Amino acid sequence: MDNKYFLQRSLHSVWHPCTQMKRHEGLPLVPIRSGRGVWLHDFDGKRYLDAVSSWWVNLFGHCNPRINAAIVAQLDTLEHVMLAGFTHEPVVRLSERLAALAPAGLGHCFYASDGASATEIALKMSAHYWRNTGRPGKTGFISLQNGYHGETLGALSVTDVALFRDAYGPLLQHNATVPSPDWRNAAEGESAEHFALRCAAHLEEHLQQHHGSIAAFIVEPLVQGATGMAMYHPAYLQRARELCERYRVHLIADEIAVGMGRTGTMFACEQANISPDFLLLSKGISGGYLPLSVVMATDEVYRAFYSDDVARGFLHSHSYTGNPLACSAALATLDIFGQDEIISANRAKSAYFNQLAIPLRDHPQVRHFRNTGMIWAFEVDSLHGDFAQRCFSLGLEYELLLRPVGNTVYFMPPYVISEEEMQLLATRALKIVEALT
Ligand SMILES: *Cc1c(COP(=O)(O)O)cnc(C)c1O
């Protein structure tokens, strides 16, 4: 297809996500023809290293042969069947495997198609649990400042990103936020752990006063992604777990972005050695192939819905709940974790990249260089207005797909990135920073 013509058609017919469409008057879309491994290829023979895993979903590269094969095999067997009243092999196998892998006690998998829906489900399930157990007044939620849990109305009501939220304020339930343990806000000389515990004291104070009306505390474990990869000490999660227990409030771990190995362990909660009441997964769960999300819940939650009374059940549904193709992609993704010992391989990759990134970290205009597992981020002191846009455009010139959040540059590459590709990423990112400062 002719490139220019194709772009024009896209701008006429497609309303792109998270985009002020008028900006595309001056900024062309990037048409992608194919992908292989960490590389995306356009129509002009140019390539881009997908350093953000296509919005954090891709784990094992584009067009991964093993995931492709699993989906094709499933396609020839059963493409889809409704999950109410019916079941199928991929959804059963996936649920069993997730329950075996996840922190203890999360034995029941409820499926949807995207992250925001998983958040909606967890919020509804939590409030409904309290209603079913005789505490119907517990309908409020708490979340962290600068937290992100998706953009449907319920999810947005626990998301603290002004740009996404402000236009819809009147449509949202009013929920409280508590201070984020983001270590960049620690006092001079204060450790990340001490700061985390100081923030947890605010959570405690809030719970003490309001627990009677609060259903759940929802949190992104270890890394708050969408507001710019804020990282914090696991002590916060340990304390939050204790406090939620004490004040009888559910703990919802939103691992939509940080689950599936991203923080260096299969699930971020493992690093705090805690089990939440709800665990949310999406993004990487299907290897970045197909829309799939899951809410994992405890036996205790499940039992509160188990009754002769239909209305006590969880009467929530999505048409594509538990889609067999998506489940088979997720099963193939889990297979790769085992076959290639991804968690330990990533540990070595992470250490290697940290070495390569020393010149970036030490650059005088780079602040708060940070790393958790396969996530890196730093702020750039730049006098350029619209840093994010310039960095994105310059990235393309240097064959990198970067998508900064404000002045925060982050890398979240697919796990298949090679040493050579990491070298390319580190050296070219440094050149971009130098050009923009
Ligand atoms: C991306 C994300 C979501 C929303 O997922 P969608 O599939 O985009 O709706 C929710 N929570 C976190 C932490 C996320 O990173």
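Residues numbered from 1 in each chain as written. Predicted model: local features only at pLDDT ≥ 70, side-chain atom pairs only at ≥ 80, totals over all residues. Heavy atoms only, no water.

With respect to the site of the ligand
Here comes step 1: The local shell around the ligand consists of Trp56, Asp114, Gly115, Ala116, Tyr148, His149, Gly150, Glu220, Asp254, Ile256, Ala257 and Lys283.
Here comes step 2: Separating an oxygen atom of the ligand from a side-chain N or O atom of Lys283 is a distance of 2.6 Å.
Here comes step 3: In the shell around the ligand, the residues fall into 5 nonpolar, 3 polar and 4 charged. (Near = heavy atom within 4 Å. Polar contact = N/O pair within 3.5 Å; in protein donor to acceptor, adjacent residues only side chain to side chain. Nonpolar A, V, L, I, M, F, W, Y, C, P; charged D, E, K, R; others polar.)

Quick word on the packing of aromatic side chains
Here comes step 1: On inspection of all chains with the given rule, the structure shows 14 aromatic pairs.
Here comes step 2: Their ring planes at 85° and their centres at 4.8 Å tell us that Tyr129 and Trp130 sit as a pair that is edge-to-face.
Here comes step 3: Aromatic side chains Phe369 and Phe378 sit 6.0 Å apart centroid to centroid with 15° between the ring planes, which places their arrangement in the stacked category.
Here comes step 4: Phe369 sits in the buried class, given a relative accessible area of 17%.
Here comes step 5: Each residue in the set Phe353, Phe369, Trp376, Phe378 and Phe411 is aromatic and connected to the rest through ring pairs, giving one cluster.
Here comes step 6: Just above the ring of Trp39 sits the side chain of Arg47; from NZ or CZ to the centre is 3.7 Å. (Phe/Tyr/Trp six-rings, centres within 6.5 Å; stacked < 30°, edge-to-face > 60°. Buried < 20%, exposed > 50% of the residue type's maximum accessible area, 1.4 Å probe, protein only. Lys NZ or Arg CZ within 6 Å of the ring centre and 35° of its normal.)

A short note on the side chain of His250
Here comes step 1: Its location among the elements puts His250 in strand β10 (residues 250-254).
Here comes step 2: Looking at His250, its side chain comes within polar contact range of the side chain of Ser126, at 2.8 Å.
Here comes step 3: Apart from the residues lying within four places of it in its own chain, the contact partners of His250 are Ser126, Tyr129, Trp130, Ala215, Ala216, Phe217, Cys244, Asp277, Phe278 and Val301. (Helix = DSSP H or I, 4+ residues; strand = E, 2+ residues; numbered from the N terminus. Contact = heavy atoms within 4.5 Å.)

Considerations on helix α5 (residues 115-132)
Here comes step 1: Between its terminal C-alpha atoms α5 stretches 25 Å, which fits the 26 Å expected from 18 residues at 1.5 Å a residue.
Here comes step 2: Of all 18 residues making up α5, 15 are buried, and the element is well covered by its neighbours.
Here comes step 3: Regarding α5, its N-cap is Asp114, as a side-chain oxygen of that residue lies 3.3 Å from the backbone nitrogen of Ala116 further along.
Here comes step 4: In the stretch just after α5, Gly134 is the one whose phi turns positive, near 90°. (Expected span 1.5 Å × (residues − 1).)

Considering the pairing of strand β3 (residues 47-50)
Here comes step 1: One ladder, built from 3 bridges, connects strand β2 (residues 39-42) with β3; its direction is antiparallel. Across the sheet, the residue bridging to His41 is Arg47, located in β3.
Here comes step 2: In sequence, β2 turns back onto β3 through a hairpin of 4 residues, with Gly45 there showing a positive phi of about 80°.
Here comes step 3: Bridge count for β3 against strand β15 (residues 400-401) is 2 bridges, and the pairing is parallel. (Pairing = 2+ DSSP bridges.)

Re the domain arrangement of the protein chain
Here comes step 1: Structurally, the protein chain comprises domain 1 (69-339) and domain 2 (343-409).
Here comes step 2: Between the C-alpha centres of domain 1 and domain 2 the distance comes to 27 Å.
Here comes step 3: Opposite the 16 residues of domain 1 that make contact, domain 2 presents 15 residues.
Here comes step 4: Taking both partners together, domain 1 and domain 2 bury about 1,300 Å²; carbon and sulfur atoms supply 66% of that area.
Here comes step 5: Looking only at domain 1, the three residues that lose the most surface to domain 2 are Arg184, Met231 and Arg262, adding up to 40% of its buried area.
Here comes step 6: Linking domain 1 to domain 2 there are 1 salt bridge.
Here comes step 7: For Glu379, the salt bridge is made with Arg184, and the minimal N-O distance between the two is 3.0 Å.
Here comes step 8: The interface formed by domain 1 and domain 2 holds 4 residue pairs in polar contact (both at pLDDT 80 or more) in total. (Domains from an automatic or database assignment. Buried area = accessible area lost by both parts, 1.4 Å probe. Salt bridge = Lys/Arg side-chain N within 4 Å of Asp/Glu carboxyl O.)

Some remarks on unusual backbone geometry
Here comes step 1: Although it is not a glycine, Met229 sits at a positive phi angle of roughly 55°.
Here comes step 2: Relative to the assigned elements, Met229 resides in the loop between β8 (223-224) and β9 (230-231).
Here comes step 3: In this structure, Lys283 is a non-glycine residue whose phi angle is positive, near 40°.
Here comes step 4: Mapping Lys283 onto the fold places it in the loop between β11 (278-281) and β12 (293-297).
Here comes step 5: Judged by relative accessible area, Lys283 falls into the partly exposed class, the value being 24%.

Regarding the pattern of salt bridges
Here comes step 1: Summed over the entire model, instances satisfying the criterion amount to 18 salt bridges.
Here comes step 2: For the salt bridge of Glu242 with Arg239, the shortest nitrogen-to-oxygen distance reads 2.7 Å. In this pair, Glu242 and Arg239 both sit in helix α9 (residues 235-246), 3 residues apart, roughly one turn of the helix.
Here comes step 3: The salt bridge involving Asp381 is made with Arg367; its shortest N-O contact spans 2.9 Å. Of this pair, Asp381 sits in the loop between β14 (375-380) and α14 (387-397) while Arg367 sits in strand β13 (residues 366-372), and the two are 14 residues apart along the sequence.
Here comes step 4: For Asp381, a relative accessible area of 33% puts it in the partly exposed group.
Here comes step 5: Taking the relative accessible area as the measure of exposure, Arg367 reaches 37% and is therefore partly exposed.
Here comes step 6: Salt bridges sharing partners connect three or more residues here, namely Asp182, Arg184, Arg370 and Glu379.

A short note on the sheet that holds β13
The strands that make up a sheet pair up through hydrogen bonds in the backbone, lying either parallel or antiparallel.
Here comes step 1: Pairing is antiparallel across the open sheet formed by 3 strands, whose spatial order is β13-β14-β16. Among the strands making up the open sheet, the edge pair consists of β13 and β16 (408-411). Adjacent strand axes in the sheet meet at a mean angle of 15° when their direction is disregarded.
Here comes step 2: Strand direction decides the pairing type here: β14 and β16, joined by 4 bridges, are antiparallel. Its bridge partner being in β16, Trp376 is matched across the sheet by Phe411. (Axes fitted to C-alpha atoms, helices over the stretch in contact; angles between N-to-C directions.)

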